[in-house]
Amino acid sequence: MTTAPEPSASEPSPAERFAAARARTGTPRLQTFREHLAFDLDPFQMEACQSLEAGRSVLVAAPTGAGKTIVAEFAVHLALAQPRAKVFYTTPMKALSNQKFAELTAEHGSSNVGLLTGDSNINSSARVVVMTTEVLRNMLYADSPLLRDLAFVVMDEVHYLADRFRGAVWEEVIIHLPQHVRMVSLSATVSNAEEFGDWLQAVRGDTDVVVSEERPVPLEQHVLVRQKLLDLFETSTLVRGDGTDGTRVNPELTRLTGASDRAANNYRHPNIGRPRKGQKRDADRTVSRGAPSGDRMFGDRMSRADIVRLLRSRNLLPAIFFVFSRVGCDAAVEQVARSDIRLTEAWERDEIRSIVEERCRPIPDSDLAVLGYWGWLDGLERGLAAHHAGMLPIFKEIVEELFQRKLVKAVFATETLALGVNMPARTVVIEKLEKFNGEARVPITPGEYTQLTGRAGRRGIDVEGHAVIQWSGGVDPRAVASLASRRSYPLHSSFRPTYNMAVNLIQQFGRTRTREILEQSFAQFQADRAVVDLARRVRKQEESLGGYEEAMTCHLGDFREYSTLRRELSDLERKNARAEGRGPGEHESRGEREKRQRQISDLRKRMKQHPCHACAEREAHARWAERWWRLKRETDQLRAQISGRTGAVAQVFDRVTDVLAELGYVTASAERGDGELEVTGPGRVLMRIYGERDLLVSECLRRGVWDDLDAPGLAALASSLVYEPRREGETGERNLPRGAFRAALEATEGVWEELQALEISHRLPEGTAPSPGIALATQKWAQGASLDVVLRDAELAAGDFVRWMKQAVDLLDQLSIVADGPLGRRARTAIDGIRRGIVAYSGVS
């Protein structure tokens, strides 16, 4: 009898072959899609695509670079296989929208793909349309005819839902999309993906959650100590009994950094990067020996130029250096360039120059000089570049393109590069483990560390990615190891009802139904889950209260009543002691003191007369009573929290509608009845005004505050409503435009103060006043002033100026639609005045 040979490890088992055959017959569209790919799908990609073909929505949470977008591409494939089905592909940023539009156009042809952002309207009726999330939200409120035949919506970077300023838009879209539309939600790895998926299941119906923790390219983590590049962890990995990763810190690293005498349990994450006791933060700031002037480093830390040389010698380029400062990014490029480093060959320099000259052809030479073009180009030809929000958008686009083409080898970037833009590298270098958040230097979080290092390792190119942390005094390697090992990145809702949202929903659904809809938000879902936990704690504490009450039971009388007298007496005696200890001029009146003494005497008398006062176990009962009162106070506080969280979003909506009713934007509906509201004429104007200052804009239009402004003055006023200084107290009001602008600004500020007082009276959060810091620069730009004059007046980087001008254009565009007659025409003229030069030829923001 012969025995069948064992299948080799590389061959699938019969059971696996059967499962694969069954999957092929059950997902024919997926099999067709896979046949056209140059690679096979990972298990998480297969699982998500199978869910889509089965008619379900999916949430895919996976690390940066893992290939989440292949699931979105499969949704496009499914839609195009049907006669009329459409896909909307939403992104959080115009830059990402443009990037995705170019990719999809190359794949499916220009006739099938459109683009809708604040700046662009290309082929909007196409089968596949890329757009920012706000555009889709506005379409839903306007019941746009473009929604017809919509089958899929891709929400790329859906974790932006946690963004404090814009996150609510994601929830609005998710809640209001028609139920038949399937959603493809793509997220970074978040620690509460299941919770988010549960909410999507509740509001959208059938939704599968697909989570992959596995990086597509393994990550090797290093620490650069002086001139030595050391592994962060030992090569051997330990596994603790709880099954978690117990990787140990490299002992040589511990020895070199002088950390061996520190106890591991002394680690506290907030101290990462802070100096040791007695050590000044900048005490070791020196210039490295042999480094060019200006190429500074800390003590024995390697200069940036030397780090670039080290990475090149170890074949670890291309690299992204995260610097956390715009000025630092620009300075880094200058420092390395002064070291005469060239990372490019002659043919690469020729190609770089050709690409740059072609892309920058529309920009006049005079503007190029103002923008520092020649120094920037010199850096690019050396293979070096900065990347940050202060750069002109077209310059950032060029850096991204050259890096993707492997022509630029070292990019010095702020953390914004870690979000969304497709720029993977072989190596990521993190210079410091703390950053300035606008108020103070704070440690980066485990979630931020994961985002930054997620750029390391290019799928299909690198065997592994590398993260290099540059060591500085005061940093414990154990702290770095803890940061690198944790994957805590929870997703928290930032949803709150706005005035625009309120009038749109009331117009569409009425007040009662709107309250029910808002109760479906992720914010309320999370609050309700917290309420469940709080209620569980209340129940446990109520059981304990019952036990304490039993322990303090006295056979002579009601000990709770007696303990109440004791507590009241104790409180009054403490007040008496504080009053006697006050300094000169702080004494209370004689009458108040005598009144309190009478109360104390009365309580002492009542206490002595109480039956429980004579109990032999009185003090033992009193100790249980004190525990009872303390626990009762905690339990009452928990109940108050439950009361505050239950229906919290609807409560804010009620306050918003009360403000709108008081101002006449909504009124009681005679037709609907039962406390229902209807939107008035001014409310219908507010329905079409989007932004942080929606109600202020609407009120100013209603009162004619801006009627006397010319087009440049209106542009200046619009910039005052969108501009936010980078630092608190940076008002920039020293040079305001003259004439009608000042009166209009003063009247606008008066309206804002009225609205602020009204909001405070209705317990709504306070807003910020208009900021006219770039009003003069905006007016001059709209009047045709040159770029150098405007940037000098604005005291802004070119990229910042472009971004604020585009936001001003967005607001002016809304005014041109909703404002009557002359003001609407002036808004259009103001748009033409702003949308020129670098604002016009910068396609993204």
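A brief look at the structure comes next. (Residues numbered from 1 in each chain as written. Predicted model: local features only at pLDDT ≥ 70, side-chain atom pairs only at ≥ 80, totals over all residues. Heavy atoms only, no water.)

Side note on the overall build of the protein chain
Inference 1: Per the secondary structure count, the protein chain includes 33 helices and 21 strands.
Inference 2: The buried share of the protein chain, reckoned over its 845 residues, is 51%.
Inference 3: Within the protein chain, contacts between residues separated by at least 24 positions form 74% of all contacts whose residues are at least 6 apart in sequence.
Inference 4: Carbon and sulfur atoms make up 48% of the accessible area of the protein chain, which amounts to about 40,300 Å² in all. (Helix = DSSP H or I, 4+ residues; strand = E, 2+ residues; numbered from the N terminus. Buried < 20%, exposed > 50% of the residue type's maximum accessible area, 1.4 Å probe, protein only. Contact = heavy atoms within 4.5 Å. Areas by Shrake-Rupley, 256 points an atom, 1.4 Å probe, with all protein chains shown as cover.)

Some details on helix α2 (residues 28-35)
Inference 1: Taken as a whole, α2 has its buried residues at L30, Q31 and F33. What you see down the axis of α2 is that its buried residues fit within an arc of 160°, all on one side. (Arc of directions from axis to C-beta.)

Notes on unusual backbone geometry
Inference 1: With an omega dihedral of 5°, the bond running from L317 to P318 counts as a cis peptide bond.
Inference 2: One non-glycine residue with positive phi stands out, namely N315, at about 60°.
Inference 3: Looking at where N315 falls in the secondary structure, it is placed in the loop between α10 (304-313) and β13 (319-322).
Inference 4: Despite not being glycine, D340 shows a phi value in the positive range, around 60°.
Inference 5: With respect to the secondary-structure elements, D340 resides in the loop between α11 (326-338) and α12 (346-359).

Topic: the sheet that holds strand β16 (residues 427-430)
Inference 1: Read from one edge to the other, the open sheet built from 7 strands follows the order β10-β9-β19-β16-β13-β15-β14, with strand pairing classed as mixed. In this open sheet, the two edge strands, each paired with only one partner strand, are β10 (228-231) and β14 (384-387). Averaged over all neighbouring strand pairs, the angle between strand axes comes to 25°, with direction disregarded.
Inference 2: In this structure, strand β9 (residues 219-225) lies alongside strand β19 (residues 465-470), joined through 6 bridges in parallel fashion. Opposite L219, over in β19, you have G465 as the bridge partner.
Inference 3: α11 contacts β14 and β15 (410-413) of the sheet and is inclined by roughly 170° relative to β14.
Inference 4: With respect to the sheet, helix α16 (residues 446-453) is in contact with β9, β13, β16 and β19, its orientation differing from that of β16 by roughly 140°. (Pairing = 2+ DSSP bridges. Axes fitted to C-alpha atoms, helices over the stretch in contact; angles between N-to-C directions.)

Comments concerning the pairing of β14
Looking along a regular strand, one sees the side chains alternate between the two faces of the sheet.
Inference 1: Across the two faces of β14 the burial is the same, with L384 and A386 and A385 and H387 all buried.
Inference 2: Of the strand pairs in this sheet, β14 and β15 are connected by 4 bridges, and their pairing is parallel. Note that in β15 the partner of A385 across the bridge is V411.

Remarks on helix α4 (residues 69-80)
Inference 1: The end-to-end C-alpha separation of α4 is 17 Å, in line with the 16 Å expected for 12 residues at 1.5 Å each.
Inference 2: Along α4, the positions that sit buried rather than exposed are I70, V71, A72, F74, A75, V76, L78 and A79. (Expected span 1.5 Å × (residues − 1).)

Quick look at the sheet that holds strand β4 (residues 121-122)
Inference 1: What the 8 strands build is an open sheet, ordered β4-β3-β5-β2-β6-β7-β1-β8; its pairing is mixed. The strands lining the two open edges of the sheet, one partner per strand, are β4 and β8 (207-211).

Regarding the packing of helix α26 (residues 694-703) against helix α28 (residues 740-761)
Inference 1: Two numbers describe how α26 lies on α28: the axes approach to 10 Å, and their chain directions differ by 125°. Of the possible angle classes, the one that applies to α26 and α28 is oblique. Crossing handedness for the pair α26 and α28: right-handed. Of α28, the residues touching α26 (which contributes L695, L696, E699, C700 and R703) are T748, V751, W752, E754 and L755. (Parallel < 35°, antiparallel > 145°, perpendicular 65-115°, else oblique. Left-handed = near helix turned anticlockwise from the far one by under 90°.)

Quick word on the pattern of salt bridges
Inference 1: A complete count under the given rule lists 39 salt bridges for this structure.
Inference 2: Across the pair R405 and E401 runs a salt bridge whose closest N-O atoms are separated by 3.1 Å.
Inference 3: By sharing partners, the salt bridges in this structure join E351, R359, E397, E401 and R405 into a single network. (Salt bridge = Lys/Arg side-chain N within 4 Å of Asp/Glu carboxyl O.)

Some details on the side chain of R182
Inference 1: Along the chain, the position of R182 falls in strand β7 (residues 182-187).
Inference 2: Among buried charged residues, R182 stands out as having no salt bridge; its nearest opposite-charge side chain is E53, 8.7 Å away.
Inference 3: Within polar-contact distance, the side chain of R182 engages the backbone oxygen of L52 at 2.6 Å.
Inference 4: Look past the residues within four positions of R182 in its chain and what remains in contact with it is L52, G55, R56, S57, Q82, A151, F152 and V153. (Lys, Arg positive; Asp, Glu negative; His and termini not counted. Polar contact = N/O pair within 3.5 Å; in protein donor to acceptor, adjacent residues only side chain to side chain.)

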